[in-house]
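A look at the structure
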Amino acid sequence: MENTEFENPAQTMQKMMEDLGHHDEIQIPKTFDFKTAALVTLPNHRIVSDLTTSIRATAEYLKPARRKGTAALTDLQSLIAWTNRFKGATSVLFANPVMSAPGLTCIADYHAQGDIDNINPDGDPTASHCHHRAIYDFPLSNEWKAWMAVTGAGNQLPKTMSKDEMGEFIELHALDIMDPTPAIIQGNENDENESWENRLIQTSQKIEGRFGQLTQFLGMSKQFQIHETSNLTIVSNRETGEKEIQFVNEHKAPDGKPLRLPTLLIIAIPVFLGGAPYRMAVRFRYKKSGSNVVFTLQVLNPEKVFEAAFKEAVQTATDETGLLTLMGTPEH
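Okay, so let's go over this structure. (Residues numbered from 1 in each chain as written. Predicted model: local features only at pLDDT ≥ 70, side-chain atom pairs only at ≥ 80, totals over all residues. Heavy atoms only, no water.)

**A few points about the overall build of the protein chain**
If you tally the helices and strands in the protein chain, you get nine helices and 13 strands. Split into buried and exposed, the 332 residues of the protein chain put 32% on the buried side. Considering only residue pairs separated by 6 or more positions, the protein chain has 60% of its internal contacts joining residues 24 or more positions apart. Of the roughly 22,400 Å² that the protein chain leaves accessible, carbon and sulfur atoms contribute 51%. (Helix = DSSP H or I, 4+ residues; strand = E, 2+ residues; numbered from the N terminus. Buried < 20%, exposed > 50% of the residue type's maximum accessible area, 1.4 Å probe, protein only. Contact = heavy atoms within 4.5 Å. Areas by Shrake-Rupley, 256 points an atom, 1.4 Å probe, with all protein chains shown as cover.)

**Side note on the packing of aromatic side chains**
The full count for this structure, using the stated rule, is ten aromatic pairs. An angle of 55° between the planes, with centres 5.0 Å apart, marks the rings of Trp 82 and Phe 86 as tilted. With Trp 82 and Phe 86 both in helix H3 (residues 76-86) and four residues apart, this pair spans about one turn of that helix. Classification of Trp 82 as buried rests on a relative accessible area of 12%. Measuring from centroid to centroid gives 5.2 Å for Phe 217 and Phe 284, while their planes differ by 80°, and the two rings are edge-to-face. Note that Phe 217 is positioned in helix H8 (residues 214-222) and Phe 284 in strand S11 (residues 277-289), a separation of 67 residues in sequence. Judged by its relative accessible area of 0%, Phe 217 is buried. Members of the aromatic cluster, each reached through a chain of ring pairs, are Tyr 136, Phe 138, Phe 272, Phe 306 and Phe 310. (Phe/Tyr/Trp six-rings, centres within 6.5 Å; stacked < 30°, edge-to-face > 60°.)

**Structural notes on the packing of H3 against helix H9 (residues 302-321)**
Where H3 contacts H9, the axes come no closer than 10 Å and their chain directions differ by 25°. One element, H3, and the other, H9, form an angle in the roughly parallel class. Considering how the two elements wind past one another, H3 and H9 form a crossing that is right-handed. Together, Leu 76, Gln 77, Ile 80, Thr 83 and Asn 84 of H3 and Ala 313, Thr 316, Ala 317, Glu 320 and Thr 321 of H9 make up the contact between the two elements. By residue class, the composition of the contact of H3 with H9 is four nonpolar, five polar and one charged. (Axes fitted to C-alpha atoms, helices over the stretch in contact; angles between N-to-C directions. Parallel < 35°, antiparallel > 145°, perpendicular 65-115°, else oblique. Left-handed = near helix turned anticlockwise from the far one by under 90°. Nonpolar A, V, L, I, M, F, W, Y, C, P; charged D, E, K, R; others polar.)

**Some thoughts on the sheet that holds S11**
Sheet strands pair via backbone hydrogen bonds, and the direction of the pair is either parallel or antiparallel. One open sheet holds the four strands; their spatial order is S7-S10-S11-S12, and the pairing between them is antiparallel. Single-partner strands in this sheet number two, and they are strand S7 (177-178) and strand S12 (292-299). Pairing analysis gives eight bridges linking S11 to S12, with the strands arranged antiparallel. Bridge pairing links Val 282 to Val 299 in S12. Strands in contact with helix H5 (residues 163-172) are S7, S11 and S12; relative to S12, the strand with the most contacts, it is inclined by about 35°. (Pairing = 2+ DSSP bridges.)

**What about unusual backbone geometry?**
Note on backbone geometry: most residues besides glycine have negative phi, and most peptide bonds are trans. Positive phi, close to 60°, is recorded for Cys 130, a residue that is not glycine. In this fold, Cys 130 is placed in the loop between strand S5 (103-107) and strand S6 (132-137). Positive phi outside glycine occurs at Glu 208, with the angle close to 55°. Within the secondary structure, Glu 208 is located in the loop between helix H7 (195-206) and H8.

**Description of H9**
Compared with an ideal rise of 1.5 Å per residue, which puts 20 residues at 28 Å, H9 spans 29 Å between its outermost C-alpha atoms and is within 8% of the ideal. Every buried residue of H9 is accounted for by Pro 302, Val 305, Phe 306, Ala 309, Phe 310, Ala 313, Val 314, Ala 317, Thr 318 and Thr 321. Two residues or fewer past H9, Gly 322 is found with a positive phi of approximately 70°. (Expected span 1.5 Å × (residues − 1).)

**Some details on the pairing of S6**
Bridging between strand S3 (residues 69-73) and S6 involves five bridges; their strand directions are parallel. Bridge assignment links Ala 72 to a residue of S6, and that residue is Ile 135. In terms of strand pairing, S5 meets S6 through five bridges, oriented antiparallel. Across the sheet, residue Cys 106 finds its bridge partner in S6, namely Ala 134.

**What about the sheet that holds S5?**
On the basis of which strands lie adjacent, the open sheet formed by five strands has the order S3-S6-S5-S4-S13 and mixed pairing. Of all the strands in the sheet, just S3 and strand S13 (324-327) have a single pairing partner and so form its edges. Strand-to-strand twist across the sheet, computed as the mean angle between neighbouring axes with direction ignored, equals 20°. Bridging between strand S4 (residues 92-96) and S13 involves four bridges; their strand directions are parallel. Bridge pairing in S13 places Val 92 opposite Leu 324. Sheet contacts for H3: S3, S4, S5 and S6; angle to S6, the most-contacted strand, approximately 165°.

Printed below as a string of structure tokens:
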């Protein structure tokens, strides 16, 4: 048999090179469903290349397959507008009520309601990527942060201040302080008062306090002298014969008269930046420390005020978007 392969070595080599470089034409579907793998078939003893990632990237070059990303918004109305623009049947709001870092998150493509389906060959029909989000971190007002820093919010103790430090703080935040109304000064709780007046009256009665005016606190910051006298008293128990020795300390003014100072003041400050002001009672205390007098200011029950302001804002978002609101943080 005639072997033509050896009669023309150049043609034989060219034919071998053509066979080695041959591969089937890649057929890319006109519509790509992002589930189908795209493989290239090559001759024997050649590698098989997976072009799925490249084709998916090419398909998303002009139009993405789904929405994703997180928008960071700077006010509540922007979060509401974003939510109403992109919300769907499965969208959900998450409200994080942590006092130090409150936040509100909308997940536009949240999981649908229903049981988990782990055996469906096409995947769980209720599952979603949860990649399209908007977050709003409630900005605490400068007034709130200043008073909380001095009064020791949470488990922190109030800051101890000297006369000059207390005076500087009162002067700097004088616009936050409001004088008590006649109803509060009289201390008579009734239906003719405003609700916040009765609330402050109840507070003063519980702790046996007395509200003061701004001018009183400013005056104390400019000149405050205190004299302490200790009186020795002996109390005897006639039945047992035991005796108890007590030292009764009394703070007096320089003229010798007992000091009668206000123990409470009223502040009206917003919790969140740009929000409505809330009226709160602040306890004013002083004590003698050696030859000096130190002061403390402590806001009473700031957690309740924060909770009221946060719930009001969250309720506004819930009402204006019509979405389910869950308290807490979403899955990561």
